[in-house]
Amino acid sequence: MNQEKMTSSSSLTILYDTIRWEEKALYEAAKKKGVHVTNVDCKNLFIDLNKKNSEFSKKTIIQRCVSYFKSLHSTAALEGLGAYVINSLHTATLCGNKLFTHMVLQNAGIETPKAVSAFSEESALLALEDLGYPAVIKPTIGSWGRLIALLRDKDAARAIVEDRAHMFPLYHIYYFEEFINRPPRDIRAIIVGDRVVAAIYRYSGSDSWKTNMALGGHAEACPVTNEMEDICLKAASAVGGNIVGVDLMEKEQDGLIVHEINNTTEFKNTVKVTGVDVPGLMIDYTLSLGKK
Amino acid sequence: MAKCPECDAEIRIPADSIEGEIVTCPDCGASYELLKTEAGFEIKPAQVVGEDWGQ
């Protein structure tokens, strides 16, 4: 049994752990369209993983947990019980891990930053010699720029790698990317189904090279070019994503490259600067899938 | 209206609020999650960031 029931008449469920602007906008968009929408707090949920004919079976659920691990595991449970979760466990697994994302992008022929991985302090430093400096260390799982550091030389690398050795084992999986020379911005494109519905430039905040909106900075509307659309749709397809945010950088000389795909993408700033009704489009798309 | 447990200030709860939404105390900045009860909304301390939060 689950504490917070998903009633049989619900046609759409939004699973959340925190109601941000995005979750409220989705809820209001669904209500405006006359959809019977149920908000379910993942924190109040408990799920019988062995139940046959689960109440979750055949439910259409938009996964919106901001906690990656809550999102991943609740998706696994609900999808396993027969729910249709957007995005799928497969997509969440690939998007949530930068190394996994890198491999699928590369295999799909999509330009992405050069990267190396290593599994000990010693091999991490050797890997960096191979990649060259400056380089960027990123946790394989993480968001909002946390624990991402620019390594300008071997001394900086040694200090950071040594610190990571004292952290949770996840941080002993060393993942380094080449530092990309680019304008002080990146691009977040929102993909809903087979369309890039909007895109924004995300400018770095003052004194920061990172462009995560959670760290400050500002957004501006970005035109969606044919090239960008082609890359983004290929990237979304590579991870099997229904509704994703694709992050791109404008690499000097080489053009657009994809560095991240977000499976529970934020879109507040996109709506704010482009005026595109992203939540409405997400609801329409989700309902169209439920009818198939 | 709710009273901030930290600083006793009044926290306004907008009419279109929904359960689970976060409200912030205008005086001390503490964040609270809205809980729906029969009497209306109550507040409880909210988690404002987690190690695995993002996107």
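Just so we're clear, the structure is a prediction, and the values are computed from it rather than from any experiment. (Residues numbered from 1 in each chain as written. Chains lettered and ligands numbered in written order. Predicted model: local features only at pLDDT ≥ 70, side-chain atom pairs only at ≥ 80, totals over all residues.)

Peer 1: Sorry if this is basic, but what is going on with the overall build of chain A here?
Peer 2: Looking only at helices and strands, chain A features 9 helices and 13 strands. In summary, chain A has a C-alpha radius of gyration of 20 Å against a globular reference of 19 Å for 292 residues, a match within 12%. Considering only contacts within chain A whose residues lie at least 6 apart along the sequence, 66% involve residues at least 24 apart. (Helix = DSSP H or I, 4+ residues; strand = E, 2+ residues; numbered from the N terminus. Rg over C-alpha atoms; globule rule 2.2 N^0.38 Å. Contact = placed C-beta atoms within 7 Å.)

Peer 1: Any chance you could explain the nonpolar core here in plain terms?
Peer 2: Among soluble globular proteins, nonpolar side chains are generally buried collectively. All names here are of chain A. Residues Ile191, Ala235 and Val246 are the most contacted members of the largest nonpolar core, which totals 59 residues. Both domains that furnish three or more residues to this core are identified here as domain 1 (12-86) and domain 3 (181-284). With near-sequence residues (within four places) excluded, Ala235 lies in contact with Leu105, Ile110, Val246, Val258 and Ile261. (Core = buried A, V, L, I, M, F, W, Y, C linked by C-beta atoms within 7 Å. Buried ≥ 20, exposed ≤ 12 C-beta atoms within 10 Å, placed from the backbone. Domains from an automatic or database assignment.)

Peer 1: For this particular structure, what's the right way to read the confidence of the model for chain A?
Peer 2: The predicted coordinates of low-pLDDT regions are not to be read in fine detail. Residues of chain A with pLDDT of at least 70 account for 94%, and the chain-wide mean is 92. Across residues 1-10 of chain A the pLDDT falls below 50, and counting only partners more than four positions away or on other chains, this stretch makes 22 contacts in the model. (pLDDT = per-residue confidence, 0-100.)

Peer 1: Explain the interface of chain B and chain A here, please?
Peer 2: Interface size is commonly expressed as the accessible surface area that is lost when the partners come together. Between chain B and chain A, the residue contacts involve 10 residues of the former and 19 residues of the latter. The residue makeup of the side of chain B that touches chain A, split by class, is 3 nonpolar, 4 polar and 3 charged. (Nonpolar A, V, L, I, M, F, W, Y, C, P; charged D, E, K, R; others polar.)

Peer 1: So what exactly am I meant to see when it comes to the sheet that holds strand S3 (residues 60-63) of chain A here?
Peer 2: Strand pairing in a sheet relies on backbone hydrogen bonds. The paired strands run either parallel or antiparallel. Residues and elements named next belong to chain A. If you walk across this open sheet you meet the 4 strands as S2-S1-S3-S4, and the pairing is parallel. Two strands close off the open sheet at either side, each with one partner strand: strand S2 (37-41) and strand S4 (84-86). Across the sheet, the mean angle separating the axes of adjacent strands is 25° when strand polarity is ignored. In this structure, strand S1 (residues 12-16) lies alongside S2, joined through 5 bridges in parallel fashion. The residue bridging Leu12 from the neighbouring strand is Val37, located in S2. Here helix H1 (residues 21-32) sits on the sheet and contacts S1, S2 and S3; the angle it forms with S1, its principal contact strand, is near 170°. (Pairing = 2+ DSSP bridges. Axes fitted to C-alpha atoms, helices over the stretch in contact; angles between N-to-C directions.)

Peer 1: Looking at this structure, I do not really get the pairing of strand S9 (residues 185-192) of chain A. What am I missing?
Peer 2: Side chains on a regular strand alternate between the two faces of the sheet. All names here are of chain A. The buried fraction of S9 is high, at 7 of 8 residues. Sheet analysis places S9 next to strand S10 (residues 195-203), joined by 8 bridges and oriented antiparallel. For Ile187, the partnering residue across the bridge sits in S10 and is Tyr201. Here S9 hands over to S10 after 2 residues, with Gly193 in that stretch at a positive phi of 65°.

Peer 1: In this structure, what is going on with the sheet that holds strand S7 (residues 149-151) of chain A? I would like to understand it.
Peer 2: Residues and elements named next belong to chain A. A sheet is described by the order of its strands in space; here 4 strands give the open sequence S5-S8-S6-S7, paired in antiparallel fashion. Every interior strand has two partners, whereas the edge strands, strand S5 (115-118) and S7, have only one. The mean inter-strand angle of the sheet, taken between neighbouring strand axes irrespective of direction, is 30°. Pairing analysis gives 3 bridges linking strand S6 (residues 135-137) to S7, with the strands arranged antiparallel. Within the sheet, the bridge partner assigned to Ile137 lies in S7 and is Ala149. Along the sheet face, helix H6 (residues 154-164) touches S6, S7 and strand S8 (174-178) and points at about 140° away from the line of S7.

Peer 1: How should helix H4 (residues 98-107) of chain A be read in this particular structure?
Peer 2: Given 3.6 residues per helical turn, the α-helix brings residues three or four places apart onto the same face. Residue and element names in this part refer to chain A. All of the buried residues in H4 are Lys98, Thr101, His102 and Leu105. Buried residues of H4 fall within an arc of 100° about the axis and therefore sit on the same side. Buried positions along H4 lie against helix H3 (89-95), S5, S8, helix H7 (226-238) and strand S13 (255-262). Directly beyond the C-terminal end of H4, a positive phi value near 75° is found at Gly109. (Arc of directions from axis to C-beta.)

Peer 1: What's the story with unusual backbone geometry in this structure? I'm lost.
Peer 2: Comment: phi is negative for the bulk of residues other than glycine, and the bulk of peptide bonds are trans. Residue and element names in this part refer to chain A. Cis peptide bonds are those with omega within 30 degrees of zero, and the linkage from Ile86 to Asn87 qualifies with 5°. Cis rather than trans, the peptide bond between Tyr133 and Pro134 has omega equal to -5°. Among the structural elements, Pro134 can be located in the loop between helix H5 (121-131) and S6. Phi angles above zero are rare outside glycine, and Gln253 is one such case at about 75°. By the element assignment, Gln253 lies in the loop between strand S12 (243-251) and S13.

Peer 1: When you look at the domain arrangement of chain A in this model, what are you seeing that I'm missing?
Peer 2: By domain assignment, chain A separates into domain 1 (12-86), domain 2 (115-178) and domain 3 (181-284). Placing the centre of domain 2 of chain A and that of domain 3 of chain A at their C-alpha centroids yields a distance of 25 Å.

Peer 1: How should I be thinking about the environment of Gly20 of chain B in this particular structure?
Peer 2: Inspection of the secondary structure puts Gly20 of chain B in the loop between strand S2 (10-11) and strand S3 (22-24). A C-alpha to C-alpha distance of 8.4 Å links Gly20 of chain B and Lys36 of chain B, two positions 16 residues apart in sequence. Discounting chain neighbours no more than four positions away, the residues touching Gly20 of chain B are Tyr16, Ile19, Asn39 and Asp41 of chain A together with Glu33 and Leu34 of chain B.

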